[in-house]
Amino acid sequence: MKRRTLLAAVAAAVAAAALPAAAQSQKLKVGFMLPYSGTYAALGDAIEKGFRLYVAEQGGKLGGRELEYVKVDDESDPAKATDNVNKLIKRDNVDVLVGTVHSGVAMAMAKVAKDNGTLLIIPNAGAVAVTGPMCAQNIFRSSFSNWQPGYAMGEVAAKRGAKKVVTITWKYAAGDESVGGFKEAFEKAGGQVVKELSLPFPNVEFQPLLTEIAAAKPDAVYTFFAGGGAVKFVKDYAAAGLKKTIPLYGAGFLTDGTLEAQGADADGLLTTLHYGDGLDNPKDRAFRAGYHKAYNAVPDVYAVQGYDAAQMLAIGLNAAKGDVTRMADIARAIEAAKIDSPRGAFTIGASHNPVQDMYLRQVVGKDNKVIGVATKALADPGRGCKM
Ligand code: BEZ
């Protein structure tokens, strides 16, 4: 057994031994609140698969306790979010909430989790507010803030000589904040965002906006789209003839988990993200092999974030001897941890968001090939967070 694996096994055994007998026999109830339908359905599925893979690698137990799952399809619908999360907490009595993908839904989850003191681990949604003004001891993110990949791409676009950029995205927190991060870095470096285009989530009627881009003739376009919408945007951008004339830069969600469907229309695109293909570290190699064996599929960033959400839960539960009510111990342990992620090791900042490298990736065939580090150890500013 490798030293790290041995240490993890010892920590889990110690946690199990120290648990009160009654708690040991009780399963830990995990509530997955994720999109299982709609444009983000594939993202929710990958998160759950990644989470379950880590738990399976630990023999089905975290912090000495077996896990059971309750699932809710949140449909990426903020209007249903408060009811859905209240059901998980009050009707299903979950011990831990894991969710979600959509920033608007995550903000509703965070509010309820904060009010109830339930441990919440967010395995995707990058809403800046969650690790900003809404930050709390019991709320963690295993993914990114929307600001992070945008900021990294703002620096890249400026370095590559773009002066005038048009942005295009869905009009909700994720799109606004991704563009905000891009604009902050790009304009700091002397560039100018000349037009900010948007359409409501999850609309995919891109044509009128593509016509506006063609007329504006910017040096480049920056975009945030993900899931099914990203597939259509990349195909429409190429079909409009823009790919040949105006470089398209994106937050990496544009091409993650989507390349099979985008085909040659995605070839060569540059994006920034905290994961990519060809990282070639031992953890990533093992993770990819395990994921392939379990699901006969290649993992994407969402699977990594699900896997790391389970790792963070394990770190907290081991420190709290399986007792999910010992929130101060859980928080202290996660805050002090170096998380051995397939993306490369990362830490959790003061506002409970990952501090991590942002990679520059280029689409080559079916890969988001990592071609460099765009911004090293990038921390979200966590503006407005007071723990
Ligand atoms: C978000 O809503 O925060 C989000 C959704 C999909 C990919 C990335 C971010």
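Residues numbered from 1 in each chain as written. Predicted model: local features only at pLDDT ≥ 70, side-chain atom pairs only at ≥ 80, totals over all residues. Heavy atoms only, no water.

### Here we look at the overall build of the protein chain
How we decide: Here a helix means four or more residues in a row that DSSP labels H or I, a strand means two or more in a row labelled E, and each is numbered from the N terminus. Computation of the radius of gyration draws on C-alpha atoms alone. For the globule rule, the value is 2.2 Å times the number of residues to the power 0.38. Accessible area is worked out with a 1.4 Å probe on protein chains only. A residue is then buried under 20% of its type maximum, exposed over 50%, and partly exposed in between. In this analysis, two residues are considered to be in contact whenever any of their non-hydrogen atoms come within 4.5 Å of each other.
Scanning the protein chain from terminus to terminus reveals 13 helices and 15 strands. Radius of gyration (C-alpha) of the protein chain: 20 Å, near the 21 Å computed for a compact globule of 387 residues. Taken along the three principal axes of its C-alpha coordinates, the protein chain extends 70 × 45 × 35 Å. Counting over 387 residues, the protein chain shows a buried share of 56%. Pairs at least 24 apart in sequence give 69% of the contacts found in the protein chain among residues at least 6 apart.

### Focus: the state of the cysteines
Which entries qualify depends on this criterion: We call a pair of cysteine sulfur atoms a disulfide whenever their separation is within 2.5 Å.
One pass over the structure, following the stated rule, counts one disulfide. Here C135 pairs with C385 through a disulfide, and the sulfurs are 2.2 Å apart. Given an S-S torsion of about 85°, the disulfide between C135 and C385 has right-handed geometry. Separated by 250 residues along the polypeptide, C135 in the loop between β5 (119-122) and β6 (139-141) and C385 in the segment after β15 (367-378) bring together distant segments of the chain.

### Some thoughts on the site of the ligand
We apply this condition: One heavy atom within 4 Å of a molecule or strand is enough for the residue carrying it to be called near that molecule or strand. Polar contacts, as used here, are pairs of N or O atoms within 3.5 Å; protein pairs need one atom able to donate a hydrogen and one able to accept it. Residues neighboring in sequence count only if both atoms are side-chain atoms. Accessible areas in this description were obtained via Shrake-Rupley with a 1.4 Å probe; residue shielding takes into account the shown protein chains only. Under the convention adopted here, Pro, Cys and the residues Ala, Val, Leu, Ile, Met, Phe, Trp and Tyr are nonpolar, Asp, Glu, Lys and Arg are charged, and Gly plus all remaining residues are polar.
Lining the immediate environment of the ligand, one finds 15 residues, of which V101, S103, G126, Y172 and A174 sit closest. Measuring from an oxygen atom of the ligand, one finds a side-chain N or O atom of S103 at 2.6 Å. A distance of 3.0 Å separates an oxygen atom of the ligand from a polar atom in the backbone of G126. Here the ligand loses 100% of its free accessible area of 270 Å² to cover by the protein chains. Here the shell around the ligand is composed, by residue class, of ten nonpolar, five polar and no charged.

### Considering the pattern of salt bridges
The cut-off we apply is this: The salt bridge definition used is simple: a Lys or Arg side-chain nitrogen within 4 Å of an Asp or Glu carboxyl oxygen.
The tally for this structure, following the rule as stated, stands at 22 salt bridges. Close ionic contact of K80 with D77 constitutes a salt bridge, the shortest N to O distance being 3.9 Å. The class of D77 is partly exposed, set by a relative accessible area of 24%. Residues joined in a network through salt bridges with shared partners are E48, R52 and K71.

### Points about the confidence of the model for the protein chain
Detailed reading of the predicted model is not advised wherever pLDDT is low. Where we set the bar: Scored between 0 and 100, pLDDT is the confidence that the predictor attaches to each residue.
Averaged over all residues, the pLDDT of the protein chain is 95; the fraction at 70 or higher stands at 94%. Contacts from residues 1-10, a stretch scored under 50 in pLDDT, to residues over four places away or in other chains number three contacts.

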